[in-house]
Amino acid sequence: MDTGKGGVGKTSVAAATALRCAELGYRTIVLSTDAAHSLSDSSDVPLGPEPVAIAPNLRGQEVDIYYIVSGGVSGG
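Residues numbered from 1 in each chain as written. Predicted model: local features only at pLDDT ≥ 70, side-chain atom pairs only at ≥ 80, totals over all residues. Heavy atoms only, no water.

## Brief notes about the nonpolar core
Working step 1: Core analysis: the largest hydrophobic core is formed by nine residues, namely Ala 14, Ala 15, Ala 18, Ala 22, Val 30, Leu 39, Val 45, Leu 47 and Leu 58.
Working step 2: Take this core: its biggest share by element is four residues, from helix α1 (residues 10–23).
Working step 3: Leave out the neighbours within four places in its chain, and Val 45 touches Ser 40, Val 52, Ala 53 and Ile 54. (Core = buried A, V, L, I, M, F, W, Y, C linked by side-chain atoms within 4.5 Å. Buried < 20%, exposed > 50% of the residue type's maximum accessible area, 1.4 Å probe, protein only. Helix = DSSP H or I, 4+ residues; strand = E, 2+ residues; numbered from the N terminus. Contact = heavy atoms within 4.5 Å.)

Spelled out as structure tokens, the structure:
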């Protein structure tokens, strides 16, 4: 988990760490709760409120509280 003040590189570090874990063979998910949704920019893959494949062993997700509250989150 990466936390900290805005603009210090949390998303970049999280994306790089997740990619390396996936390259090592770990099934990995990287997700962001930031409303700015900059993880899509880091991965160069459109992400949304459900996990999306980015690379082998790697999925990404940008949590959307409005999607969750509306009941859109999957149950599986």
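## Looking at the pairing of strand β3 (residues 58–62)
Working step 1: With respect to burial, β3 is a largely interior element, four of its five residues being buried.
Working step 2: By the bridge criterion, three bridges tie strand β2 (residues 52–55) to β3 in an arrangement that is antiparallel. Counted as the bridge partner of Val 52 is Gly 60 from β3.
Working step 3: In textbook terms, the turn of a hairpin is the stretch between consecutive antiparallel strands, and for β2 and β3 this stretch comprises two residues, one of which, Asn 57, has a positive phi near 70 degrees. (Pairing = 2+ DSSP bridges.)

## Some words on the pattern of salt bridges
Working step 1: This structure, assessed with the given rule, holds one salt bridge.
Working step 2: Residue Arg 20 pairs with Glu 23 through a salt bridge whose shortest N-O separation is 3.6 Å. Placement of the pair is Arg 20 and Glu 23 together in helix α1, with a separation of three residues, close to one helical turn. (Salt bridge = Lys/Arg side-chain N within 4 Å of Asp/Glu carboxyl O.)

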